[in-house]
Amino acid sequence: MTKFESSIKQVPYSQEAVYRNISDLSNLGRVRDRVPEDKLESFSFDADTVSVSVPPVGKITLHIIEREEPKCVKFETVESPMPFNLWIQVLPVTEESSKMKVTVKADIPLMLRGMVSGPIQDGVEKIAEALAQVPYL
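Quick summary incoming for the structure in this document. (Residues numbered from 1 in each chain as written. Predicted model: local features only at pLDDT ≥ 70, side-chain atom pairs only at ≥ 80, totals over all residues. Heavy atoms only, no water.)

All right, on to the pairing of strand 5 (residues 58-68) then. The sheet contact formed by strand 4 (residues 49-54) and strand 5 spans six bridges and is antiparallel. Within the sheet, the bridge partner assigned to V50 lies in strand 5 and is L62. What sits between the antiparallel neighbours strand 4 and strand 5 is a turn of three residues. Here strand 5 pairs with strand 6 (residues 72-79) via seven bridges, running antiparallel. Within strand 6, the residue paired with R67 across the bridge is V73. Connecting the antiparallel pair strand 5 and strand 6 is a turn made up of three residues. (Pairing = 2+ DSSP bridges. Helix = DSSP H or I, 4+ residues; strand = E, 2+ residues; numbered from the N terminus.)

Laid out in structure tokens, this is it:
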């Protein structure tokens, strides 16, 4: 398994507010306008699952497999060209702010590791950046 970690992102909302939102994927409806227009038709979600089509990768569907209130939500791929797990950790900084990190563990064949590691790391960082900018009200 190859592990990819985002940098730690500061979030101007409490740990509880962030956790409450990321542990229920139906909250994604509030940030739908932040999803690039070319991805919208293939972007769907319910409380436990999210699906998106990522060119040229294809369709990726993630399902929540564990909720560790109030600090971590773990996801596993249901549909993906390459199986992986993703988790979002949230830790308190103050009562009104927290910090977040996104981690992905993927089983990447050795021959592909050099080719896909950079894009996966970039993707993990972009996910973390996007999550840090969400209004967790």
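Along an α-helix, residues three or four positions apart point the same way, because every turn accommodates 3.6 residues. Taking burial as the measure, the eight residues of helix 1 (residues 15-22) include six buried ones, the bulk of the element. Among all positions in helix 1, only Q15, A17, V18, Y19, N21 and I22 are buried. For helix 1, the elements touching its buried residues are strand 2 (9-11), strand 5, strand 6, strand 7 (84-94) and strand 8 (97-106). (Buried < 20%, exposed > 50% of the residue type's maximum accessible area, 1.4 Å probe, protein only. Contact = heavy atoms within 4.5 Å.)

Moving on, we come to the pairing of strand 8. Most of strand 8 is tucked away, with seven of its ten residues classed as buried. Both strand 1 (residues 2-5) and strand 8 contribute to a ladder of four bridges, which runs antiparallel. In the sheet register, F4 faces strand 8, and the bridge partner there is V104. Across three bridges, the pairing between strand 2 and strand 8 is antiparallel. In the strand pairing of strand 8, K9 is matched with M100. The pairing of strand 7 with strand 8 spans ten bridges and is classified as antiparallel.

One pass over the structure, following the stated rule, counts one aromatic pair. When the ring of Y13 is compared with that of Y136, the centres are 5.9 Å apart and the planes differ by 80°; the resulting orientation is edge-to-face. Linking Y13 in the loop between strand 2 and helix 1 with Y136 in the segment after helix 2 (110-132), this pair joins segments that are 123 residues apart in sequence. Y13 gets classed as partly exposed once you look at its relative accessible area, which sits at 22%. (Phe/Tyr/Trp six-rings, centres within 6.5 Å; stacked < 30°, edge-to-face > 60°.)

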